[in-house]
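Structural characterization, general
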Amino acid sequence: MAGIDETIDRWLQAGQAVGPVSPPLSFGLVRRPELWLAILCVTQITCWTLMPALVDTAPPRDVVEGFMWGREWVLLTYKHPQLPAWLLEASHLLTGSFRWPQYLLAQLTISSTFILVYLLARDILGRPRALAAVLLMPTIYFFGWPTPQFNHDYAQMPFWAAIAWLLWRAARDGGPGWWLALGLVSGVGLYAKFSTGLLLLFGATWLLCDTRARARLGAPWPWLALVVFIGIVAPLAIALYRIDFLPLTYVASRNEWVMAHRARLYYIGVQLAGLTGFVAVLSISGLLRRGRPADGLHQAQVEPRALNYLLWMGLGPATLMMVASLFTGAGEAWGAPMYNLVGVVAIACLGSRLGTAELRRLAACAGVCIVVMSAVYAATRATACGAIGHLEPVCWPAQLVSDEAETVWHEATKARLGIVGGDDDLAMLAGLDARDKPSIFTGLDMRLAPWITPQRLRDQGMLLVWSGSEVPPGLRPWVGALPVKTVLVDWSRVAAPVEVNFAVILPGTHNPSDMTPPRAGNLVK
């Protein structure tokens, strides 16, 4: 890596040699780390918002689902709690667009995670080393390429970082504000995804095992924080009971699918592959070399208690998930929030090798990772859709599909389009940009879409949507003898148009609720 190191050094030195207008880069990184943290966040937000918005003609699938569920404002669906969907719906209400707000929202959560990780690392490592820890984060796959798909895995990222920081502060300082904030954030974090409970379990274990932290339990504030936490999660627990614990059924079904379709080491392989850039940048920066740099950022060694905390909270959940994946199914993105503190752990262990030159290289690598990977993402998506003709969810012309759906519906009736169903993916696209803001009848199963009732079906009817030349078996009881209109949808310069089919169940003229269509036995999509 010597050639790369020398190239980066020459590039940085050349930039410094332009003139005395601004202080050297290394001086700024050491003396003003918060400014460089802000620059990192702005770069992340700009690149990873702009590039997907330029090339994607439809949001990623999970985002479309979030938008459609968000307009129902339910607390819980058969998959997850709905905080991410609420945020998506709020972004649409504020901007009126489905094209770019979700990308901005995703990057705001990622940048918030950067800031929260910096706050924890600053408390333990000091400001320059905290910046170094955060500069390592963009080199991890989970903070780049998958982030345009804003879903529960990424919505919970800042909550994991905030819980780790607040727990450390509460156990260190013992003030009521820290404990109450911990209870509040921990409760709200479960509304992002139930797996936030895994970090809470690790945090509670550390709290009970660490002597100094356990001594804080003698004060009333931890117990008041627990009351706040219980008060926040109580509605979620009640909603979970009322829908017969369907999210647990979904997880079991998802596990079965993963075990049937993925190799035993698939999850571990994806996690390790996602960390290859991180390891490469550690080497490029010089942090894997032995010895101290001549201009080292001298600082006292990390106390063993703090290092144990970082190892437990930063590596414990990810390690447990890898071990568990050998025996049960695990989605490859489920571990995304579990790598928030990997950079902090690395700097805590290798910080004695960090000097100004190493810090410069980390800053350069972080910038390159963000700019280059976002550009590659845009080029790959544009090529896959337009030049290769590989139909991905982001290739669909979402606005066109919604326009065609409304045209077909209003040719048959003047009534508002209130419900769409059929092929879930296509039906959600049909309803996404529709001016009537219809609801999605997920799986044509009222267990999965409790906002759809028999009375509502009778009053509003439904637009059925699917693709292909044949009616899918699950839709045949619903379509029956209804007339079907087929529209050819262009989506690529090189591939043939896709047949999109519509069937209108008119309001009041047909009673779909009297049918007995197959129940959705498999909850995995």
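Below you will find a few notes about this structure.

Reading the values: the criteria
- Within each chain, residue numbers correspond to sequence positions counted from 1 in written order.
- Side-chain atom pairs in this predicted model are given and counted only at pLDDT of 80 or more, local residue features only at pLDDT of at least 70, and totals for whole chains, interfaces and linings cover all residues.
- Values reported for side chains reflect all heavy atoms of the structure, with hydrogen atoms and water molecules removed beforehand.
- Only DSSP runs of H or I reaching four residues or more are called helices, and only runs of E reaching two or more are called strands; each is numbered from the N terminus.
- For this measure, only C-alpha atoms enter the radius of gyration; the expected value for a globule follows 2.2 Å times N^0.38, where N is the number of residues.
- Per-residue accessibility, obtained with a 1.4 Å probe over protein chains only, is compared with the maximum for each type, and a residue is labelled buried under 20%, exposed over 50%, and partly exposed between these values.
- In what follows, a contact means two residues having at least one pair of non-hydrogen atoms within 4.5 Å.
- Using a 1.4 Å probe, accessible areas were evaluated by the Shrake-Rupley method; residue-level cover was limited to the displayed protein chains.
- Each helix should span, by expectation, one fewer than its residue count multiplied by 1.5 Å.
- At every residue, the bend is computed as the angle between two fitted axes, covering the seven residues ending there and the seven beginning there respectively.
- N or O atoms within 3.5 Å of each other form a polar contact, as long as, within protein, one can give a hydrogen and the other can take it, and as long as residues adjacent in sequence are counted only when both atoms are side-chain atoms.
- To define a nonpolar core, start from buried Ala, Val, Leu, Ile, Met, Phe, Trp, Tyr and Cys residues and group those joined through side-chain atoms within 4.5 Å.
- Stacked, edge-to-face and tilted are the three classes for Phe, Tyr and Trp ring pairs, Trp counted by its six-membered ring, which pair at centre distances within 6.5 Å; planes under 30 degrees apart are stacked, over 60 edge-to-face, the rest tilted.
- For helices, the fitted line uses only the C-alpha atoms of the stretch in contact; every axis is such a line through C-alpha atoms, and the angle between N-to-C directions lies from 0 to 180 degrees.
- By the definition adopted for this analysis, an angle is roughly parallel if under 35 degrees, roughly antiparallel if over 145, roughly perpendicular if from 65 to 115, and oblique otherwise.
- The patches described consist of residues with a relative accessible area above 30% and no salt bridge, like charges being joined within 9 Å and nonpolar side chains (Val, Leu, Ile, Met, Phe, Trp, Tyr) within 5 Å.
- Between Lys or Arg on one side and Asp or Glu on the other, a salt bridge is scored when a side-chain nitrogen of the former is within 4 Å of a carboxyl oxygen of the latter.
- Two strands qualify as a pair provided DSSP detects at least 2 bridges between them.

**Notes on the overall build of the chain**
When you go through the chain residue by residue, the secondary structure sums to 23 helices and 5 strands. Its C-alpha atoms give the chain a radius of gyration of 26 Å, near enough to 24 Å, the size a compact globule of 525 residues would have. Counting only C-alpha atoms and orienting by the principal axes, one finds that the chain spans roughly 80 × 60 × 45 Å. Within the chain, the fraction of its 525 residues that count as buried is 55%. Within the chain, counting contacts between residues at least 6 apart in sequence, those at least 24 apart form 78% of the total. With the model as given, the accessible surface of the chain reaches about 22,100 Å², and the carbon-plus-sulfur share is 65%.

**Digging into helix α17 (residues 304-325)**
Taking 1.5 Å per residue, 22 residues should reach 32 Å; α17 reaches 30 Å between its end C-alpha atoms and fits that length. For α17, the principal kink sits at Leu-315 and spans about 40°; a proline, Pro-317, occurs within the next four residues. Taken together, the buried positions of α17 are Arg-305, Ala-306, Tyr-309, Leu-310, Met-313, Gly-314, Gly-316, Pro-317, Ala-318, Met-321, Met-322 and Ser-325. The elements touched by buried residues of α17 are α6 (101-125), α9 (157-173), α11 (196-209), α12 (211-215), α15 (266-274) and α18 (342-350).

**Thoughts on the side chain of Gln-102**
The residue Gln-102 is located in helix α6 in this model. Exposure remark for Gln-102: the relative accessible area of 0% places this residue in the buried category. Side-chain polar atoms of Gln-102 contact the backbone oxygen of Arg-99, separated by 3.4 Å. Sequence-distant contacts of Gln-102, defined by excluding residues within four places in its chain, comprise Pro-59, Val-63, Phe-67, Leu-88 and Phe-150.

**Regarding the nonpolar core**
Core analysis: the largest hydrophobic core is formed by 160 residues, its most contacted members being Phe-114, Leu-120, Phe-441, Met-462, Leu-463 and Leu-464. Considering every element that reaches this core, the biggest residue donor is α9, with 13 residues. The residues touching Leu-463, leaving out its near neighbours within four places in the chain, are Ala-405, Val-408, Trp-409, Leu-417, Ile-419, Val-420, Gly-421, Phe-502, Ala-503 and Val-504.

**Side note on the environment of Lys-79**
Positionally, Lys-79 belongs in the loop between α4 (61-70) and α5 (83-95). At a separation of 3.2 Å, a polar atom in the side chain of Lys-79 contacts the side chain of Glu-65.

**Some words on the packing of aromatic side chains**
For any pair of aromatic rings, geometry is given as the distance between the ring centres together with the angle between the planes. Tallied over the full model, the rule gives 16 aromatic pairs. Ring geometry for Trp-48 and Tyr-377: centres 5.7 Å apart, planes at 70°, overall edge-to-face. Taken together, the residues Trp-48 in helix α3 (residues 33-55) and Tyr-377 in helix α19 (residues 356-388) connect sequence positions 329 residues apart. By the burial criterion, Trp-48 is buried, and Tyr-377 matches it. Ring geometry for Trp-206 against Tyr-309: centres 4.6 Å apart, planes inclined by 65°, an arrangement best described as edge-to-face. Of this pair, Trp-206 sits in helix α11 while Tyr-309 sits in helix α17, placing them 103 residues apart in sequence. Summarising the burial analysis for this pair, Trp-206 and Tyr-309 share the class buried. Each residue in the set Trp-48, Trp-145 and Tyr-377 is aromatic and connected to the rest through ring pairs, giving one cluster.

**Looking at the packing of α5 against helix α10 (residues 176-192)**
Running from amino to carboxyl end, α5 crosses α10 at an angle of 80°, the nearest separation of the two axes being 6 Å. Between α5 and α10, the angle is such that the two are roughly perpendicular. Contacts between α5 and α10 involve Leu-83, Pro-84 and Trp-86 from the former and Val-188, Tyr-191 and Ala-192 from the latter.

**Remarks on the environment of Gly-66**
For Gly-66, the location among the structural elements is in helix α4. Looking at Gly-66, the relative accessible area reads 8%, which means it is buried. For the pair Gly-66 and Leu-83, spaced 17 residues apart in sequence, the C-alpha separation works out to 9.5 Å. Apart from the residues lying within four places of it in its own chain, the contact partners of Gly-66 are Ala-85 and Leu-88.

**Comments concerning a nonpolar patch on the surface**
Together, Val-368, Val-371, Val-372, Met-373 and Val-376 make up an exposed nonpolar region whose accessible area comes to about 370 Å². Among the structural elements, Val-372 can be located in helix α19. Relative accessible area serves as the criterion here: at 41%, Val-372 is assigned to the partly exposed category.

**Considerations on the sheet that holds strand β5 (residues 498-505)**
Spatially, β2-β1-β3-β5-β4 is the arrangement adopted by the 5 strands of the open sheet, whose pairing is mixed. At either end of the open sheet lies a strand with only one pairing partner, and these are β2 (439-440) and β4 (484-489). Note that β4 and β5 share 6 bridges and pair antiparallel. Opposite Val-484, over in β5, you have Ala-503 as the bridge partner. Against the sheet, helix α20 (residues 398-412) touches β3 (462-467), β4 and β5, its axis set at about 35° to β5.

**Re α4**
A large share of α4 lies buried, amounting to 9 of its 10 residues. Buried within α4 are the following residues: Arg-61, Val-63, Val-64, Glu-65, Gly-66, Phe-67, Met-68, Trp-69 and Gly-70. In the core, the buried residues of α4 are packed alongside α5, α6, β1 (419-422), α21 (424-432) and β2.

Worth remembering: the numbers are spatial, not functional.
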